Amino acid sequence: MKTKPFIEKKLNEIKDTVGSGKAISALSGGVDSSTCTVLAHKALGDRLQVIYIDDGLMRENEDQYVTRIFSDMGIEVEVIDARKDFFSALKGIADPEEKRKAFRNKFYEAFGDAVLKSGARHLVQGTIAADIIETKGGVKTQHNILEQIGIDSEKGYGFKVIEPLKELFKFEVRKVAKSLGLPKELYQRMPFPGPGLATRVIGEVTEGRVRRLSKATQIVEEEIADLDPFQAFAVLLNDKGTGIEQGKRKFGEIVIIRSVESKDAMTAEPTKVPWKTLTKISKRITEEIPTVTRVAYEITPKPPATIEYI
């Protein structure tokens, strides 16, 4: 793929689709949505409203990171606090697919409200090829797939969807992002799932469990950064394991460390993480998150496993 002709083609498509109207960009801070946002901003300028929905499920202080980095690029980001709404929508749900669908519904309801208030008719989002393939193939429901599985976004939520990157895989999106002038820290950023930590909490998603997993995620990303994996993260299991605290039995939480190497996210191999790094991660997690008594490293490739846990 030649990036410059691709960019020119997509700029023209966005202009033609939106016409003289306005559009909203669904920004999450990941490379896909960030690339779409910059692309749409180049096409529409002030007629694009960029919105970051704070669902409480992203990396720690993600809203501050997103607003800062886009401000540096001259793009204003509106942050909408919807944490209570998302945790309410996920309450009591443990089934992985039901969890993903509940997130999807709340995600599009939030943007539907924003579209209605703004007068825009289009939502720009960072759907990529892997999202469509895995959802249509029944591997797992990606939160940003609607029309490809027969859901009419205009009837259901009040807007038409624009997906400039839907034929690209992750490595191709990174090339487009670099060509558009996104900073390296953004276009080389590790993937983070649309439903965020909801896909890494096994069982019910609660604010307390997410808060602890967010800290574990931060530790994993910090300690494994030098290895530059495709994706690395922590998972909080629903099971518990016995530990020891001050010489007494302690029944605590179990955290899984996952790190993989991949090009297109369709297949993946586990990262050969040095033992020293793994033991440091384990020590930090158990010391900094006292509810955790056990930490394990998971080595299953994709397939048979998926990269994310649900």
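Anything mentioned here points back to the structure above.
The notes below deal with the structure included here.

Rules behind the numbers
- Residues numbered from 1 in each chain as written.
- Predicted model: local features only at pLDDT ≥ 70, side-chain atom pairs only at ≥ 80, totals over all residues.
- Heavy atoms only, no water.
- Phe/Tyr/Trp six-rings, centres within 6.5 Å; stacked < 30°, edge-to-face > 60°.
- Helix = DSSP H or I, 4+ residues; strand = E, 2+ residues; numbered from the N terminus.
- Buried < 20%, exposed > 50% of the residue type's maximum accessible area, 1.4 Å probe, protein only.
- Pairing = 2+ DSSP bridges.
- Salt bridge = Lys/Arg side-chain N within 4 Å of Asp/Glu carboxyl O.
- Axes fitted to C-alpha atoms, helices over the stretch in contact; angles between N-to-C directions.
- Contact = heavy atoms within 4.5 Å.
- Core = buried A, V, L, I, M, F, W, Y, C linked by side-chain atoms within 4.5 Å.
- Polar contact = N/O pair within 3.5 Å; in protein donor to acceptor, adjacent residues only side chain to side chain.

**Here we look at the packing of aromatic side chains**
Step number 1: Using the criterion set out here, one finds seven aromatic pairs in the structure.
Step number 2: Centroid distance Tyr108 to Tyr157: 5.4 Å. Interplanar angle 40°. Geometry classified as tilted. Note that Tyr108 is positioned in helix H5 (residues 96-118) and Tyr157 in helix H7 (residues 153-157), a separation of 49 residues in sequence.
Step number 3: Looking at Tyr108, the relative accessible area reads 0%, which means it is buried.
Step number 4: Assessed through its relative accessible area of 17%, Tyr157 is described here as buried.

**So, the pairing of strand E7 (residues 248-261)**
Step number 1: When you tally the buried positions in E7, you get 10 out of 14 residues, the bulk of the element.
Step number 2: Bridging between strand E6 (residues 231-245) and E7 involves 12 bridges; their strand directions are antiparallel. If you follow Gly243 over to E7, its bridge partner there is Lys250.
Step number 3: The turn linking E6 back onto E7 is made up of two residues, and Gln246 within it adopts a positive phi angle of 55°.
Step number 4: In this sheet, strand E8 (residues 269-270) lies alongside E7 in antiparallel orientation, the contact comprising two bridges. Looking at the pairing, Glu261 lines up with Glu269 of E8.

**Description of the pattern of salt bridges**
Step number 1: Here the structure, examined in full by the defined rule, presents 21 salt bridges.
Step number 2: Here Lys10 makes a salt bridge to Glu13, at a shortest N to O gap of 3.2 Å. Of this pair, Lys10 and Glu13 both sit in helix H1 (residues 3-18), separated by three residues, roughly a single helical turn.
Step number 3: By relative accessible area, which is 33% here, Glu13 ends up partly exposed.
Step number 4: The closest approach of N and O atoms between Lys215 and Glu288, which form a salt bridge, is 3.3 Å. Note that Lys215 is positioned in helix H10 (residues 207-224) and Glu288 in helix H11 (residues 275-288), a separation of 73 residues in sequence.
Step number 5: Looking at Lys215, the relative accessible area reads 25%, which means it is partly exposed.

**Some points on the sheet that holds strand E3 (residues 77-81)**
Step number 1: Pairing in this open sheet of five strands is parallel, and the strands run E3-E2-E1-E4-E5 from one edge to the other. Edge positions in the sheet fall to E3 and strand E5 (160-162), since each has one partner strand and no second. Neighbour-to-neighbour, the strand axes of the sheet open up by a mean angle of 30°, direction not taken into account.
Step number 2: Summarising the sheet, strand E1 (residues 23-26) and strand E4 (residues 122-124) pair through three bridges and their orientation is parallel. Of the residues in E4, the one forming a bridge with Ser25 is Val124.
Step number 3: With respect to the sheet, H5 is in contact with E1, strand E2 (48-54), E3 and E4, its orientation differing from that of E1 by roughly 150°.

**Describing the nonpolar core**
For soluble globular proteins, nonpolar side chains are generally found buried alongside one another.
Step number 1: Ranked by size, the top nonpolar core spans 82 residues in total, and within it Leu57, Phe70, Phe111 and Ile285 carry the most contacts.
Step number 2: The leading source of residues in this core is H5, at eight residues.
Step number 3: Counting residues in hydrophobic clusters, the runner-up holds 10 residues, among them Phe230, Leu237, Ile256 and Ala268.

**Considerations on unusual backbone geometry**
Step number 1: Put simply, Lys302 and Pro303 share a cis peptide bond, and its omega is -15°.
Step number 2: With respect to the secondary-structure elements, Pro303 resides in the segment after strand E9 (292-298).
Step number 3: Look at the link from Pro303 to Pro304: it is a cis peptide, with omega at 15°.
Step number 4: Relative to the assigned elements, Pro304 resides in the segment after E9.
Step number 5: Phi at Ala265 is positive, roughly 70°, even though this residue is not glycine.

**With respect to the environment of Lys302**
Step number 1: In this fold, Lys302 is placed in the segment after E9.
Step number 2: Assessed through its relative accessible area of 8%, Lys302 is described here as buried.
Step number 3: In the structure, Lys302 is positioned 198 residues away from Arg104 in sequence and 24 Å away in space, judged by C-alpha atoms.
Step number 4: Not counting chain neighbours up to four residues away, the residues in contact with Lys302 comprise Glu134, Ala265, Met266, Thr267, Ala268 and Ile307.
Step number 5: Here Ala265 takes part through its backbone oxygen, which lies 2.6 Å from a polar atom of the side chain of Lys302.

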